[in-house]
Every structure is written in structure tokens, then in C-alpha cells.
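Commentary on secondary and tertiary structure
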Amino acid sequence: MTGIRHHATGIRLTAPAPGWSIDADVVVVGSGVAGLTAALRCAAAGLATVVVTKARLDDGSTRWAQGGIAAALGEGDTPEQHLDDTLVAGAGLCDEDAVRTLVTEGPDAVRRLIGAGARFDTTDGGEIALTREGGHHRSRIAHAGGDATGAEISRALVAAVREAALRTIENALVLDLLTDADGRTAGVTLHVMGEGRHDGVGAVRAPAVVLATGGMGQVFSATTNPAVSTGDGVALALRAGAEVSDLEFVQFHPTVLYLGADSEGQQPLVSEAVRGEGAHLVDASGARFMVGQHELAELAPRDIVAKAITRRMELHGTEHMYLDARHFGADMWERRFPTILAACRAHGIDPVTEPIPVAPAAHYASGGVRTDLRGRTTVPGLYACGEVACTGVHGANRLASNSLLEGLVFAERIATDIVERANDAEHVRDAEQTNDTAQTNGVAQTGSTARADDAGPAAEGTTPRTPVAADRPLAAAADPAALPAPSPLLDPEQRGTVQRIMTRGAGVLRSAESLAAAADALEALHDGAVRAAAPDGARDADAPDADAPGADAPDADRPKPAEPGVEAWEATNLLLVSRVLVAAARRREETRGCHWREDRPERDDENWRRHLVVRLTSERRLVLRRTETAAFGPVSPAQAPDCAAASPIPPTTTPTTDPPPADVTEESQP
């Protein structure tokens, strides 16, 4: 396409060649609210749809969501008010068009979710029960099972998927994107874990791929995210040449159950809804400390509450604060928050009789794979929705309970776009076949009549196209000779090292010094993996310089290369997304939303009310550029501006003290 540069990296994970393949119209990677919504709508329109999920179908990140889903459903509430609260929480970096799309389409999307079988809690009068959470000026959070909203949404969507008999591949880790000769999406490679219909590495070949892989909270030692949240979708997109944005904005949930300084992995969340119902944040003396810090006190946006808790912890030299909801009484705890009550009691804490020890922990990635309002990325045919995506809705800090709504709304939009494009492609094929037939009969024709079903997406219940989701033998799988060169794998034993580096250097509190140390440590891990993977007597193109420490080490002293496998692939993905996060956090020399720089404590709208966009080059270097405004602009190849139209990153008003590391380049013309 004229004026379009496709940043194909030629990088893939080291893995065996696919031994089997499936053909489909659409492959959806992920089984949360975003993935299953997209899959159901594509399948209802007659597209052969395959769902790939890393664990069981009902084990996506959605089921861990406690609080609820935000939408202007209550009397007196309006989408405009929801928009205002979202923009305030996003600290000047929300894309207003994206937010307006979310809040105006959200209420009907929730009603369709109810129509699909989701059962929300109701009032005595039968209306949807609504509560408040941080940053909301209205009660607009619909919840289910008290504090089990995600579990109920997951149940309803999984039931719908099974009723529709969608083809699913469970316990499968997606590896890399397949593309055709023109750089368009052609499917994914994946590895199926354990016994089943397919084992090992295979491929699902499809012209449309929807990434709905969830978050990347496992880059930190302590997180509310499940163990499967290792940034696989973002890493795949980077290797495919897609742009990612706003990865520096990681939301740390203010109230995570504190289990001790050495506690690692997934931590129990104490939902914002507990504060929405009137719980207070207090220190060890019982003093409330949010009153006077924000007009909403404990219901201030999450970044403000997390910072306040962290400051109070530093002031008192403690590792946690307390959430006091003893005044709820046993009945309210058991009725409204049964899941949280059970989790606390399982760890020896009874919220009915004592305050809950809490501390911030990594919770949600506001950034991700950059998309437009139809979920399209910068790689043709590749879509993203849910936490893996960066739609521009969340800005620098996500408003509570907007995540489920974003997944729902943008998944529907993606499905609409895919179906429309599939109908257009079928129309073209029909026209070509009609012309071929006419020529064979000796009749010259210059046009054709459109099919009756080409006017738009097929309605639910229509006859599907000829099924193409069929198994193919090894011979029809992706040709290994045509695959790009493999990327060195990180030793899975280094996963904990990555997490500790990120927790120390890029956690709630950041500085030029901490981020530089994190960048150096991550690069050392990356360089070690490159050296380990280099053939004997050879050096990889991006191996360390000859004068780098250890570069001249004899072969016997080189690290042992990691063997391909799920643990190594996950660790490699974690390392890649960590490098991007740290590079962006170093470059953003201000404090904004959930990005808190101790050495740059002020918000700087003049220089930094912009998005940082990152891509990966074929030399495995990270290239950063900054947008001209807080708006996202077009990102699909058909709409993207010429590369020369992007702006360089101008110098800040204060000289920088943290130049980018050697593997990071700042584009003056992306």
C-alpha cells in the first residue's frame, strides 16, 4: 500500500514446526468476556470460528473480576456523566472518541449480555442493583453474586459457547502470528499442553485473528492476576510488528490482601466495591487518611488511593495499611461479599471482627496493543480487545469496573468489522466466479449482482458459510523453511528474576535510578539468552558487543540454551513486555495516573500529554515514538498516515538524566 510501512520483524519464538493445522474464518485467542463475546458474534454470523484458550474455557481472567461492570443504567445517570468520570480518572490521556463509544454503547451491550444469560443482582423491585466504586460520582456498577460478577459473566458466556458448539482448543499457549506474502494475518501457531485431540505445536489458519489474551500482571512478584497472565498477546503482537502503547501505565490495585513481605504470585483482591459500600482506609492507630486528600476520599481514583497508601506506609515504616469494614456486620459481609469474606478467613483474618491488612499490588495494564475503534491493530487482519488492547479508553489510569465493559463493547465492534469484511470478500469471490462462468459461456460481463446476504453482517440464526474449520495433516501445516528466524529463549528459572527486577525498579514507586537499574538487569538477561542461543563459533546479530562483559567467554562458560517449552516461552514473553514497559517508563519523565516518578513528581501536560508508542525491529531493538496529541488517531493500515507525519519526541523543559538504553531507539520519523 502506498505510504504504508509494515514493520515485519521476522522474529518468532523458538519452537518446533507445526505438526497439524486447522482452517477457520476467525481464530479468537482468549476465553474471557472479550474473547467469548467476539467469538459468539462471529459464529452467529456464519463464520467458522475457533477459540483458543490457555487454560480451561471457564478459567480466563474475567472470572476473577469481583466488583462489577460499569454502565449508565440507573435512574438519573447518563453516558455523559460516565464519560466525565472516565476522563478524570484517565488523567488527560483518554481518547475521548473511544470513551464516548464505550459509554454510549455500553448500556445496550450489558442488556445483550443479560439476554445471553448473565444474571445480575437485583433490588427488591426487580431492577438491576447498582453500587459505587472509586472515581464514580454515581452508582452505576452492576454486580452478580455479591462479589462474583466475573464468575457469573464467564458462566453465561461459556454456556452460550457450548450451546453454539463452537470449536475450542483448551490448554493451548499461542506462540506467534502467521502472515501471508503481503504481510496480512494468516493465523497463529500454538502449543497444546497435555493429552487431547491435538498435542504439541500446531497452527490455526485464518485471515482474522482476535487477541483477547488478558493482562501481563505476572511481570511483577505480587499481582491479582492469575498465573496465566504472562503478556503472551502483547509479546506476540510485538514480534508480529504491531505497535503497542501506554505500557508504562500499570494500575496497582490499592486494596489487595496483604499476606506478608515474601508472598509472591496471585494475591487475593479486596474489591473496590467494599469501599463503595462504606469501608474506611485506616492506619494502625485507626486514623482515616483519605479524608481531605480527595473529594471522594476512599472512593478517589485508584492511582490516588494507591499513592496515598504507599505514602502512609513510608511515613509509618510499615508494609501495609488496613481496610475497616467491621461496621458492615456479619449479615452484610455474607450477603454482599461472600467471596472476599471466604478468602480473608482462609488466611486467618475475619473482616467481621477485625480490619483487613491491605497493600497495593499489580492489577491491570491500561496499555497494550494499539487499536482503533474497531479493534484493528497496525497489522492487517490482527485485532485486539480486552486487557491486551490499548483502545485509548483508559488513558493513564483505568476507571473502576470499566474493564469488563470495554471488553464487551469492543469485542462486539471487532465482530462487526470481521463479518463485514468477510461479506465483502465473499462478494468479490462471487463476482469473480460469475465473470469466469460468463467468459466460459462466451458472454462478456462487466459487473455482477450482489448476493442477498452481502448487505451486512448475517443475523443470528442465519445459515453459515461452508464450514472451513477442518483438520489438515502435517503436509499442509506451515512450512518451517518459510518461517522467520527463531528468537532466543529465556531460561524459565529466570522468571522469578524478571519479576523481582520489575517489582524493585518499576513498581508503584519509580525513579530514573530504579528504572535504569531495571533496564540494565533486563538487558543482561536478554544478552545472556542471546549468547546461549548463538551457534558454536557464531554470534547472533544482536549478541553483546565484543567488549561486553562475558562476550568473549569460552563456549564451555556460555549459559546453556533454554529448551523450547511452555515455561521458557512464558519467561521469554515476560522479558519482552518488561523491557517495553521499562523503556516507556524511563522515557515518560513525569508523574501521571498510575505512572509515579519520584524524581519527576509533577504532571507535565505541555510535554507529556501524549502517548508513547513502541514497536520491535527485526534486530530486536525497541523503537519509541510519541504521538502529537492525546488522541489515538487511525491505526489500521488502510487509514494510517504516512510514516513521516509522526512527530519526534522533543526535548523536555528539564534536561533528562536517564537516556534510553543501547537497545532502545527514539524515532524522529517512525
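Residues numbered from 1 in each chain as written. Predicted model: local features only at pLDDT ≥ 70, side-chain atom pairs only at ≥ 80, totals over all residues. Heavy atoms only, no water.

Overview of the overall build of the protein chain
- Within the protein chain, the regular secondary structure consists of 14 helices and 27 strands.
- The buried share of the protein chain, reckoned over its 670 residues, is 58%.
- Taking as baseline every contact in the protein chain between residues at least 6 positions apart, the subset at least 24 positions apart corresponds to 73%.
- When the accessible surface of the protein chain is summed, it comes to about 26,100 Å², and 50% of that surface belongs to carbon and sulfur atoms. (Helix = DSSP H or I, 4+ residues; strand = E, 2+ residues; numbered from the N terminus. Buried < 20%, exposed > 50% of the residue type's maximum accessible area, 1.4 Å probe, protein only. Contact = heavy atoms within 4.5 Å. Areas by Shrake-Rupley, 256 points an atom, 1.4 Å probe, with all protein chains shown as cover.)

Regarding the packing of helix α1 (residues 33–44) against helix α4 (residues 149–163)
- Where α1 meets α4, the closest approach of the two axes is 10 Å, and the angle between their N-to-C directions is 30 degrees. Classed by the angle they form, the pair α1 and α4 counts as roughly parallel. Our pair here, α1 against α4, has a crossing hand that is left-handed. Along the contact surface, α1 presents Val33, Leu36, Thr37 and Leu40, while α4 presents Ile153, Leu157, Val158, Ala160 and Val161.
- Residues that form the contact of α1 with α4 fall into these classes: 8 nonpolar, 1 polar and no charged. (Axes fitted to C-alpha atoms, helices over the stretch in contact; angles between N-to-C directions. Parallel < 35°, antiparallel > 145°, perpendicular 65-115°, else oblique. Left-handed = near helix turned anticlockwise from the far one by under 90°. Nonpolar A, V, L, I, M, F, W, Y, C, P; charged D, E, K, R; others polar.)

Describing the side chain of histidine 253
- Checked against the element boundaries, histidine 253 lands in strand β15 (residues 250–257).
- At 3.1 Å, the side chain of histidine 253 and the backbone nitrogen of threonine 255 are in polar contact.
- Discounting residues that sit within four places of it in the chain, histidine 253 has contacts with Leu269, Val270, Ser271, Glu272, Arg275, Arg302, Ala359, Pro360, Ala361 and His363. (Polar contact = N/O pair within 3.5 Å; in protein donor to acceptor, adjacent residues only side chain to side chain.)

Topic: the pairing of strand β26 (residues 622–626)
- In terms of burial, β26 is a largely internal element, 5 of the 5 residues being buried.
- Covered by surrounding structure in β26 are Leu622, Leu624 and Arg626 together with Val623 and Arg625, the residues of both alternating faces.
- Turn length for the strand β25 (residues 612–616)-β26 hairpin, with the two strands adjacent in sequence and antiparallel, is 5 residues, and the turn residue arginine 620 shows positive phi of about 65 degrees. (Pairing = 2+ DSSP bridges.)

Considering the sheet that holds strand β7 (residues 141–142)
- With antiparallel pairing, the 3 strands of this open sheet are ordered in space as β5-β7-β6. Each edge of the open sheet is held by one strand with a lone partner, namely β5 (69–70) and β6 (130–131).
- Note that β6 and β7 share 2 bridges and pair antiparallel. Across the sheet, residue leucine 130 finds its bridge partner in β7, namely alanine 142.

Quick notes on the environment of arginine 495
- Relative to the helices and strands, arginine 495 is located in helix α11 (residues 495–506).
- Judged by its relative accessible area of 19%, arginine 495 is buried.
- Taking the C-alpha atoms as reference points, arginine 495 and leucine 574, 79 residues apart in sequence, are found 7.6 Å from one another.
- Apart from residues no more than four positions distant in its own chain, arginine 495 is found in contact with Gln218, Ala227, Thr230, Glu570, Ala571 and Leu574.
- Looking at arginine 495, its side chain comes within polar contact range of the side chain of glutamine 218, at 3.4 Å.

Considering the packing of aromatic side chains
- The final tally for this structure, using the stated rule, is 4 aromatic pairs.
- Ring geometry for phenylalanine 328 and phenylalanine 337: centres 6.2 Å apart, planes at 20 degrees, overall stacked. Like phenylalanine 337, phenylalanine 328 is buried.
- The structure contains a cluster of three or more aromatic residues connected by ring pairs, namely Phe328, Trp333 and Phe337.
- Here the basic side chain of arginine 398 rests over the ring of tyrosine 364, its NZ or CZ set 4.1 Å away from the ring centre.
- Across from the ring centre of tryptophan 608, 4.5 Å away, lies the NZ or CZ of arginine 626, which sits over that ring. (Phe/Tyr/Trp six-rings, centres within 6.5 Å; stacked < 30°, edge-to-face > 60°. Lys NZ or Arg CZ within 6 Å of the ring centre and 35° of its normal.)

Some details on the nonpolar core
- Residues Ile169, Val204 and Leu211 are the most contacted members of the largest nonpolar core, which totals 67 residues.
- No other element matches the 10 residues that helix α13 (residues 566–587) contributes to this core.
- Beyond its immediate sequence surroundings of up to four residues, isoleucine 169 is in contact with Trp20, Ile22, Val50, Val51, Val52, Thr53, Leu190, Val192 and Val204.
- In terms of nonpolar packing, the next biggest core, distinct from the first, is built from 52 residues, Val99, Leu157, Val419 and Ala422 among them. (Core = buried A, V, L, I, M, F, W, Y, C linked by side-chain atoms within 4.5 Å.)

Quick word on the pattern of salt bridges
- According to the stated counting rule, one finds 39 salt bridges in the structure shown.
- Note that aspartate 232 and lysine 54 form a salt bridge whose closest N and O atoms lie 2.7 Å from each other. Taken as a pair, aspartate 232 in helix α5 (residues 232–239) and lysine 54 in the loop between β4 (49–52) and β5 lie far apart in primary sequence, 178 residues in all.
- What makes aspartate 232 buried here is its relative accessible area of 7%.
- You can call lysine 54 buried: its relative accessible area is 15%.
- Taking the shortest distance from any N to any O, the salt bridge between arginine 326 and aspartate 324 comes out at 2.9 Å.
- Counted as one network, the salt bridges with shared partners bring together Glu248, Arg588, Glu590, Arg592, Arg603 and Asp605. (Salt bridge = Lys/Arg side-chain N within 4 Å of Asp/Glu carboxyl O.)

Regarding the environment of histidine 611
- Structurally, histidine 611 can be placed in the loop between α14 (605–608) and β25.
- Discounting residues that sit within four places of it in the chain, histidine 611 has contacts with Leu93, Ser245, Asp246, Arg588, Arg625, Arg626, Thr627, Thr629, Ala630, Ala631 and Phe632.

Notes on empty space enclosed by the protein
- As enumerated under the stated definition, the model contains 6 cavities of 30 Å³ or more in all.
- The space that makes up the largest cavity amounts to roughly 150 Å³.
- Every residue lining the largest cavity is counted, 14 residues in all, and those nearest its centre are Ser487, His526, Thr572, Leu576 and Arg579.
- For the lining of the largest cavity, the elements supplying multiple residues, two or more each, are α12 (512–533) and α13.
- When grouped by side-chain class, the residues that make up the lining of the largest cavity number 8 nonpolar, 3 polar and 3 charged. (1 Å grid on protein atoms, 1.4 Å probe; cavity = no way out; pocket = protein on both sides within 12 Å on 5 of 7 lines; lining within 4 Å. Points joined across faces, edges and corners; volume = space filled by probe spheres on them.)

What to know about α5
- The element α5 is largely enclosed, with a buried count of 8 among its 8 residues.
- Every buried residue belonging to α5 is among Asp232, Gly233, Val234, Ala235, Leu236, Ala237, Leu238 and Arg239, and all of these are buried.

Description of the side chain of serine 514
- Tracing the sequence through the fold places serine 514 in helix α12.
- When its relative accessible area of 17% is taken as the criterion, serine 514 is described as buried.
- A polar side-chain atom of serine 514 sits 3.0 Å from the main-chain amide nitrogen of serine 511.

Regarding the pairing of β15
- Counting buried residues in β15 gives 8 out of 8 residues, a clear majority hidden from the surface.
- In the sheet, β15 pairs with strand β19 (residues 356–365) via 6 bridges, with the strands oriented antiparallel. For leucine 257, the partnering residue across the bridge sits in β19 and is valine 358.

Regarding the confidence of the model for the protein chain
- Taken residue by residue, the protein chain gives an average pLDDT of 84. The fraction at 70 or more is 80%.
- Predicted confidence is poor over residues 1–7, with pLDDT under 50, and the contacts of this stretch with residues over four places away or in other chains come to 16 contacts.
- This stretch, residues 637–658, has a pLDDT under 50; its non-local contacts, to residues over four places away or in other chains, come to 57 contacts. (pLDDT = per-residue confidence, 0-100.)

What about the sheet that holds β4?
- If you walk across this open sheet you meet the 5 strands as β8-β4-β3-β12-β21, and the pairing is parallel. Strands at the two margins of the open sheet, each flanked by one partner only, are β8 (167–169) and β21 (382–384). The average undirected angle you get between the axes of adjacent strands in this sheet is 20 degrees.

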